[in-house]
Amino acid sequence: MGVLMQVLSSSAFGAVIGLLGSWLTKREERKNHKIKSEYEFKMAELKKAETELKYRHELELAEKKIEGIKTQGTIDKDLEELKAFKESVKTQSKNSKIKIVDAIRGLMRPTITLYLLVIGTIIAINLHHFAGGIENSLSAPEVVIMYRETIAQIMFLLTTAITWWFGSRPSSSRIKN
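Residues numbered from 1 in each chain as written. Predicted model: local features only at pLDDT ≥ 70, side-chain atom pairs only at ≥ 80, totals over all residues. Heavy atoms only, no water.

## Structural notes on the overall build of the protein chain
Alright, step 1. Looking only at helices and strands, one finds 5 helices and 0 strands in the protein chain.
Alright, step 2. Reading the helices (α) and strands (β) of the protein chain from amino to carboxyl end gives α-α-α-α-α.
Alright, step 3. Among the 177 residues that make up the protein chain, the fraction classed as buried is 10%.
Alright, step 4. The contacts in the protein chain between residues at least 6 apart in sequence include a share of 52% that link residues at least 24 apart.
Alright, step 5. Within the structure as shown, the protein chain displays about 15,000 Å² of accessible surface, and the carbon and sulfur contribution to it stands at 68%. (Helix = DSSP H or I, 4+ residues; strand = E, 2+ residues; numbered from the N terminus. Buried < 20%, exposed > 50% of the residue type's maximum accessible area, 1.4 Å probe, protein only. Contact = heavy atoms within 4.5 Å. Areas by Shrake-Rupley, 256 points an atom, 1.4 Å probe, with all protein chains shown as cover.)

## Regarding helix H3 (residues 99-130)
Alright, step 1. In this model, H3 (32 residues) spans 45 Å end to end at C-alpha, consistent with the 46 Å of a helix rising 1.5 Å per residue.
Alright, step 2. Where H3 bends most, the angle comes to about 40 degrees, and this point is methionine 108, followed within four residues by the proline proline 110.
Alright, step 3. Inspection of H3 places Asp102, Leu116, Gly120 and Leu127 among the buried residues, and these make up the whole buried set. (Expected span 1.5 Å × (residues − 1). Bend = angle between axes of the 7 residues up to and from the residue.)

## What to know about the confidence of the model for the protein chain
Alright, step 1. Confidence in the prediction of the protein chain, expressed as mean pLDDT, is 80, and 82% of residues score 70 or more.
Alright, step 2. Per-element confidence in the protein chain ranges from a low mean pLDDT of 53 for helix H5 (residues 172-176) to a high of 87 for helix H2 (residues 11-93). (pLDDT = per-residue confidence, 0-100.)

## Thoughts on a nonpolar patch on the surface
Alright, step 1. On the surface, a cluster of nonpolar side chains totalling about 510 Å² of accessible area is made up of Ile98, Ile100, Val101, Ile104, Met108 and Ile112.
Alright, step 2. In this fold, isoleucine 104 is placed in helix H3.
Alright, step 3. For isoleucine 104, a relative accessible area of 47% puts it in the partly exposed group. (Patch = residues over 30% accessible without salt bridge, like charges linked within 9 Å, V, L, I, M, F, W, Y side chains within 5 Å. Salt bridge = Lys/Arg side-chain N within 4 Å of Asp/Glu carboxyl O.)

If you want it as structure tokens, here you go:
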């Protein structure tokens, strides 16, 4: 037992115990460092996710603001067009104090409309006579096709005229210039 006590109390055994203690301390420090690093990494990921959410939210807000500005611009444009339309109606309703000019201007659109209706009717009547009536020379599908095409052409003429008339009213940009 004396020898065992000598060995246990010897400097060599003290060095071995010191090395073992040092190794255990370093191992604990590495574990703590690993835990701390993992914690910091997860916190950095959370901060990154938070920042991404923040910027995504700010981007969505900016996009909504841009959309709101676009909508307001459309509304403003429509209001200006309405204002221009009102002005054009006022301008058109003003008399030039020259009776013949006012009469011609007042009759122009109804005259053109009446002309288009008369021409369309003449075309339809001529087509009817050309076909020999509904029952005669052409087959029923051919007559139906001709009538459909005639109606489509008359509608094209009328739509073009009416669209042109309303489209030719001065817009707000043309009134200002």
